[in-house]
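Structural overview for review
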Amino acid sequence: MRLATLLGVTLCAPLGVLTGQEAHSAVVSTTDPVSQAIVAVIIVAVFVLLTLEAAHRVLVALSATSLLFLISYFTPYRLITFEGVAQALDINVLVLLASMMAVVGVLKTTGVFEWAVGRLMLRTGPRPFALLALIGWFTALSSAFLDNVTTVIFVTPMVISMAHRLKLAPTVFLLPMIMASNIGGTTTLIGDPPNIMIGSGANLSFLDFVRDLTLPCVLMIFWLEFYARRYYGEELRESQATPMDADELLAPIGNPTLARWLGVICAAILVGFLTHHITGMPPAVPALMGAAAALVVQDLLYMRTAKPTAHERTHGILAVTERDIEWPTLSFFGFLFIIVGAAVQTGLMNTAAVGLQWTIGASADALGLSGNGTLLLAAILICWVSGLLSGLVDNIPFVAVAIPIVARIIPTMAGTSEVLWWALSLGACLGGNGTVIGASANVTTIGLAERDGMRISFADFARFAVPMTVGTLVIASGYLALYIYLGQRGSLVVMAGAVTAVVALRLVSRRIGARAAAFADSGGST
């Protein structure tokens, strides 16, 4: 609540400056090079401070936002105005996050997460490597059909519980889970917000995304699993022998009636997500409806079984809204949207996108590239530049600016130029894995972990994430090259062959490993 008050005071302060001035003169941001340079310096400073962890991320973003307002209202450079904040804030993301956190908060009271964790761990046994793979694939699949933010809100409590039971640091499972959520969200129209924007701007359907992006993303999940097993190999091997109590793992659900109601509500929310192209509802709307329904049902069921005191009737809902909704994370998102909004409104993002277009043309002319060569250069540049910028700032504003640029480039290209849409999607979605602030799922998970007393530093995140992200962008680049030179069908055939080969290799290695283990257990006798 204090943060909400602080946000209101911070945002409303500049409004008083307009007293005695012409309010209309501050509505439009200045787009001169100096304004763009100032915003660029502030964004770099925010990134450096977050990297150095000089202060809490909310304080860093709050201070940067205040500095933007200070410059906007006390100098000739209008970086962002109070009126422009409404355009910068992504209310859909903020309401979606808060609503799904509330739903998960109610769901946690039923004991269903402990129940699910127990059964999963009973199935995998004391095999943390198998559990790591299960978490990755489950998260990726869920992110494709929900969205990656909703998925991590649901899965994070389960992952933390699994790690505690295996006496592992939760980061061993949490960081691969975050990466899997962003990779899985890349495969569908609704999995990641940039894909929704690209689908609308390029008139691409849900099936178009599934058909063209599923196989490369499956290969990326295999790469993630391979990388995580080696990065955390020592920790995973040390927990192999941890004993597991079957009776404890089979504990029943604490409140089955509420759990059943929440199952219906969550199913309705999912239907709302999947039918947004029919109803026109952004994801935040069914999520908000579901949160309200969950809180009402919880309250009614509680009143049937207990006689609440006046204090409980007054403050009952606050137990969820104050404890389970991660307000510092939402505040950080709000301030970050304002900072990136300044980059959009001053034209900094447009300058970067136009510079990319010029680079493609100049490079193609200098190298004397063929039609397909120029298209490949454009696809690689769009993919990697999108990936880099998505790691530094939120990918949504960049994609919003990049869509018309890509739309202008496509008619000038020969061959299968629609591949540039996939280059933009892959770069923007996968690049978000590179840093803590690169994607909404990253910030959300870090905030939820902090609530449980776990601190994942910017540097710790980057050490794991950057090499993994580079690997996924390399796979994406290979797929884009196949798409350009072999066409859509040819690229899918090659990718299917690659996935099949990886699966076969894994099966063979597991069989060899099982035989080696059996041979060692028998003392080497035949």
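Residues numbered from 1 in each chain as written. Predicted model: local features only at pLDDT ≥ 70, side-chain atom pairs only at ≥ 80, totals over all residues. Heavy atoms only, no water.

So, on to the overall build of the protein chain. Along its length, the protein chain carries 25 helices and 0 strands. In the protein chain, of all internal contacts separated by at least 6 residues, the share reaching a separation of at least 24 is 81%. Per element, the accessible surface of the protein chain, about 23,000 Å² overall, is 68% carbon and sulfur. (Helix = DSSP H or I, 4+ residues; strand = E, 2+ residues; numbered from the N terminus. Contact = heavy atoms within 4.5 Å. Areas by Shrake-Rupley, 256 points an atom, 1.4 Å probe, with all protein chains shown as cover.)

Running from N to C, helix α9 (residues 171–185) and helix α11 (residues 206–231) cross one another at 170°; their axes reach a closest spacing of 10 Å. Compared by their axis directions, α9 and α11 come out roughly antiparallel. Of the residues in α11, those in contact with P176, M179, A180 and I183 of α9 are C217, M220, I221, L224 and A228. Residues of the contact of α9 with α11, tallied by class, amount to 9 nonpolar, no polar and no charged. (Axes fitted to C-alpha atoms, helices over the stretch in contact; angles between N-to-C directions. Parallel < 35°, antiparallel > 145°, perpendicular 65-115°, else oblique. Nonpolar A, V, L, I, M, F, W, Y, C, P; charged D, E, K, R; others polar.)

What follows is about helix α14 (residues 256–274). In a regular helix each residue adds 1.5 Å, so 19 residues correspond to 27 Å; α14 covers 27 Å between its end C-alpha atoms and thus fits that length. Those residues of α14 lying buried are L258, A259, L262, I265, I269, G272 and F273. Down the axis of α14, the buried side of the element spans an arc of 130°, and every buried residue falls inside it. Across α14 from its buried face, at more than 90 degrees, point the exposed residues R260 and V264. Buried residues along α14 sit in contact with α5 (91–108), α8 (148–165), α15 (276–279) and α16 (284–305). (Expected span 1.5 Å × (residues − 1). Buried < 20%, exposed > 50% of the residue type's maximum accessible area, 1.4 Å probe, protein only. Arc of directions from axis to C-beta.)

So, on to the nonpolar core. For soluble globular proteins, nonpolar side chains are generally found buried alongside one another. F173, L420, W421, L424 and F461 are the most contacted members of the largest nonpolar core, which totals 156 residues. Counting residues per element, this core draws most heavily on helix α25 (residues 458–521), at 15 residues. Aside from chain neighbours lying at most four places away, what touches F461 is L175, I178, M179, N433, G434, T435, V436, N442, I446 and I456. (Core = buried A, V, L, I, M, F, W, Y, C linked by side-chain atoms within 4.5 Å.)

Of all residues in the protein chain, 87% have pLDDT values of 70 or greater, and the mean over the chain is 82. For residues 1–26, every residue scores under 50 in pLDDT, and the model assigns this stretch 28 contacts once sequence neighbours within four places are set aside. (pLDDT = per-residue confidence, 0-100.)

Geometry of an aromatic ring pair is reported as the spacing of the ring centres plus the angle between the planes. Per the stated rule, a full pass over the model turns up 12 aromatic pairs. Centre to centre, the rings of Y227 and Y231 are 5.7 Å apart; their planes meet at 35°, and the pair counts as tilted. Of this pair, Y227 and Y231 both sit in helix α11, 4 residues apart, which is roughly one turn of the helix. Among the residues examined, Y227 registers a relative accessible area of 12% and is labelled buried. (Phe/Tyr/Trp six-rings, centres within 6.5 Å; stacked < 30°, edge-to-face > 60°.)

Turning our eyes to something else, we now look at the packing of helix α20 (residues 348–367) against helix α21 (residues 371–392). How two helices sit against one another is set out by the angle between their axes and by the gap between those axes. Contact geometry for α20 and α21: axes closest at 10 Å, N-to-C directions at 145°. Relative to α21, the crossing made by α20 is right-handed. Side by side, α20 and α21 meet where L356, T359, I360, S363 and A364 of the first sit next to T374, L377, A378, L381, I382 and V385 of the second. Split into classes, the residues belonging to the contact of α20 with α21 amount to 8 nonpolar, 3 polar and no charged. (Left-handed = near helix turned anticlockwise from the far one by under 90°.)

With that settled, consider a nonpolar patch on the surface. On the surface, a nonpolar cluster with roughly 360 Å² of combined accessible area is contributed by V296, L300, Y302 and M303. Within the fold, L300 resides in helix α16. (Patch = residues over 30% accessible without salt bridge, like charges linked within 9 Å, V, L, I, M, F, W, Y side chains within 5 Å. Salt bridge = Lys/Arg side-chain N within 4 Å of Asp/Glu carboxyl O.)

Right, let's get into the pattern of salt bridges. Tallied over the entire structure, the rule returns 6 salt bridges. With its nearest N and O atoms 3.2 Å apart, the salt bridge here joins D208 to R211. Taken together, the residues span about one helical turn, with D208 and R211 both in helix α11 at a distance of 3 residues. Look at D208 and you get buried, because its relative accessible area is 16%. A salt bridge links E326 to R451; the nearest nitrogen and oxygen atoms lie 2.8 Å apart.

Let us look at a positive patch on the surface. On the surface, R127, R229, R230 and R510 cluster together into a patch of positive charge. Structurally, R127 is set in the loop between α6 (112–124) and α7 (128–145). Using a relative accessible area of 44% as the deciding quantity, one classes R127 as partly exposed. (Lys, Arg positive; Asp, Glu negative; His and termini not counted. Charge placed at Lys NZ, Arg CZ, Asp CG, Glu CD.)

Position of T351 among the secondary structure elements: in helix α20. Residue T351 is classed as partly exposed on the basis of its relative accessible area, which comes to 42%. Measuring from C-alpha to C-alpha, the distance between T351 and T31 comes to 9.9 Å, with 320 residues separating the pair along the chain. One polar contact links T351 to Q36, side chain to side chain, over a distance of 2.8 Å. (Polar contact = N/O pair within 3.5 Å; in protein donor to acceptor, adjacent residues only side chain to side chain.)

Along the chain, the position of T188 falls in the loop between α9 and α10 (193–202). A relative accessible area of 2% means that T188 is categorised as buried. One polar contact links the side chain of T188 to the main-chain amide nitrogen of G191, over a distance of 3.1 Å. Sequence-distant contacts of T188, defined by excluding residues within four places in its chain, comprise A144, N195, F206, F209 and V210.

This brings us to unusual backbone geometry. Despite not being glycine, K167 has its phi angle at roughly 55°, a positive value. Within the fold, K167 resides in the loop between α8 and α9. Judged by its relative accessible area of 70%, K167 falls in the exposed class.

With that settled, consider the environment of I178. Relative to the helices and strands, I178 resides in helix α9. By relative accessible area, I178 is classed as buried at 0%. When the C-alpha positions of I178 and N442 are compared, they lie 6.1 Å apart, and in sequence the two are 264 residues distant.

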